[in-house]
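Structural description and commentary
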Amino acid sequence: MIRAWFLQPRFGLMPIFHPISQQAHAISELFAFVLVLSAVVFAGIVGALIYIMWRFRRGRDGSGAEPRPVFGHSRIEILWTAIPIGIVGVLFVLTLVAMRASDPDAPADRAPDITVVGHQWWWEIRYPAAGVVTANDLHIPVGRKQLVELQSADVIHDFWVPRLGRKLDMVPGRHARLWLAADSAGTYFGACAEYCGNEHAWMQIRVTAESPATFASWLAAQARPAPALGGPSDSGPALGAQLFSRLTCVNCHAVRGTSDTATVGPDLTHVASRPSLAAGRLVNTPENLRRWMAEPDLIKPGSYMPNLHLSDQDLDHIVAYLLTLR
Ligand code: CUA
C-alpha cells in the first residue's frame, strides 16, 4: 500500500511496512491507512487554518475593522460533527476486520506447537512435542502456521515480531496464544514490547523461518541430548564440565543428557548452536562467551547471571566445555 523509497527493506526501517505473514499484513495495511488518513486530516486542518487566517485578516476590506464573527452556522456545525464521526466509524470497522485477520481463532483443544516463556531478560522457547528447550532463537517452518503459547515467569513481558504478527502481552499466571507464520524464509527480529526492568532493551528474539525439511532437521538436532564427552578426563572440556557441575552453574542451567536439570536460566544443551548470547546482547563467539561469564554485570547490568569470579584457567575450561554443546 505505502511503498515510499525510505520504507524499503534495504534501509532496515519500519519492519511493520514489510509484513511476511497474512496476520502481519492485516496490521500493516491498517497502520498504513491510519497513517495516510492522519496525514490528510492534519493537512486539512492546517490548510483550513492558514486559509481562514488569510481570508478573515483584519483590514482586508479597507475599513481597518475586525471582520464580523459568525454565530450559529448549522451547516458548518453539522459538517464538523459528521466528518469526525464518519472517520471514527470507518476506523472502527477496519479495526474489527484487522483484528479478526490478525488473530484468527485457534481450537481450544489444540495443543500449542511452541511455548514461549518470558523471563527477565530472555526468552525460553519450548517445542513440547519434540521435547526441545532452547532460548532466544526461535525456528519455524515456512508457510506453516504455528500456534504459540505465551507465558511469563516473572513480570509482564510482551512478545512482538513485527513482520510476523501481532504483539501480545505475557502476563504471569496467564496463558495467551497467538499464531505465528512466515510466508517466506528469512530471519526476523523481535523484542520485548513491555517495559520489564533494567534490561528490557536487551530482551531480543530472533525468528528463523526455514523450509520444513531444514526446520525438521534443526528440531531433531535440538532434541538430542548433549553429546557425551570423549577423551581424557583432564582435557579442557572434561575439566569444564566438572567445574560446571561443581560451581553454581547447575543451580540455574540445564544440560539435557546430564544430571543438570535446573530451569531458572536458559537451557544450555545446544548453546553453541545459537547465534547470540544474553538475548541478543552478544554475538555467540568463544571470546564473547568468555566475556559474558567473566563480567556479566558489565555486559548486561542488572541481569541475573552472576559473576562467579572465575580464574582465567577455569574460564578457559568452561568455555571449552560449552563449545562442545552444539
Ligand atoms: Cu521483557 Cu520488556
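Here the structure is a predicted model, which is why all the values come from computation and not from measurement.

Pairing within the open sheet is mixed, and its five strands lie in the order S4-S10-S9-S6-S7. Sheet topology places strand S4 (137-141) and strand S7 (168-170) at the edges, where each strand pairs with a single neighbour. Here the average twist between neighbouring strands, direction ignored, is 25°.

Tracing the chain through its elements places Arg 166 in the loop between strand S6 (157-160) and S7. Considered as a pair, Arg 166 and Asn 307 are 141 residues apart in the sequence and their alpha carbons are 37 Å apart. Beyond its immediate chain neighbours, meaning those up to four positions away, Arg 166 contacts Ile 27, Ser 102, Asp 103, Phe 159, Trp 160 and Leu 178.

You can read the domains of the protein as domain 1 (5-53 + 76-102), domain 2 (114-223) and domain 3 (236-322). Measuring from the centre of the C-alpha atoms in domain 1 to the corresponding centre in domain 3 gives 47 Å.

For the structure on display, the rule yields eight aromatic pairs. Relative to Phe 159, the ring of Trp 123 lies with its centre 5.8 Å away and its plane at 85°, an arrangement referred to as edge-to-face. With Trp 123 in strand S2 (residues 122-127) and Phe 159 in strand S6, the pair connects residues that are 36 residues apart, well separated along the chain. Like Phe 159, Trp 123 is buried. One aromatic cluster in this structure is built from Tyr 127, Phe 215 and Trp 218. The ring of Trp 179 has Lys 145 lying over it, and the distance from NZ or CZ to the ring centre is 4.2 Å. Directly above the ring of Trp 160 sits Lys 167, whose terminal nitrogen or CZ lies 5.6 Å from the centroid.

Criteria and thresholds
- Every chain is numbered on its own, with residues counted from 1 as its sequence reads.
- Restriction of local features to residues with pLDDT of at least 70 applies here, the model being predicted, together with a cutoff of 80 or more for giving and counting side-chain atom pairs; totals for whole chains, interfaces and linings are based on all residues.
- The side-chain quantities take in all heavy atoms of the structure and omit both hydrogens and water.
- In this analysis, strands are considered paired if DSSP registers two or more bridges between them.
- A helix here means a DSSP run of H or I that spans at least four residues, while a strand means a run of E at least two residues long, and both kinds are numbered starting from the N terminus.
- Axes, fitted as lines to C-alpha atoms, cover a helix only where it is in contact. Angles between the N-to-C directions of the axes lie from 0 to 180 degrees.
- Between two residues, a contact is recorded if the distance between any of their heavy atoms is within 4.5 Å.
- Domain limits in this description derive from either an automatic procedure or a database domain assignment.
- Stacked, tilted and edge-to-face are the three classes applied to pairs of Phe, Tyr and Trp rings, where Trp contributes its six-membered ring and a pair requires centres within 6.5 Å; stacked means planes under 30 degrees apart, edge-to-face means over 60, and tilted covers the rest.
- Buried means the residue's accessible area, taken with a 1.4 Å probe over protein chains only, is under 20% of the maximum for its type, while exposed means over 50%, and partly exposed covers the values in between.
- Whether a charge lies above a ring is judged from NZ of Lys or CZ of Arg, which has to be within 6 Å of the ring centre and within 35 degrees of the ring normal.

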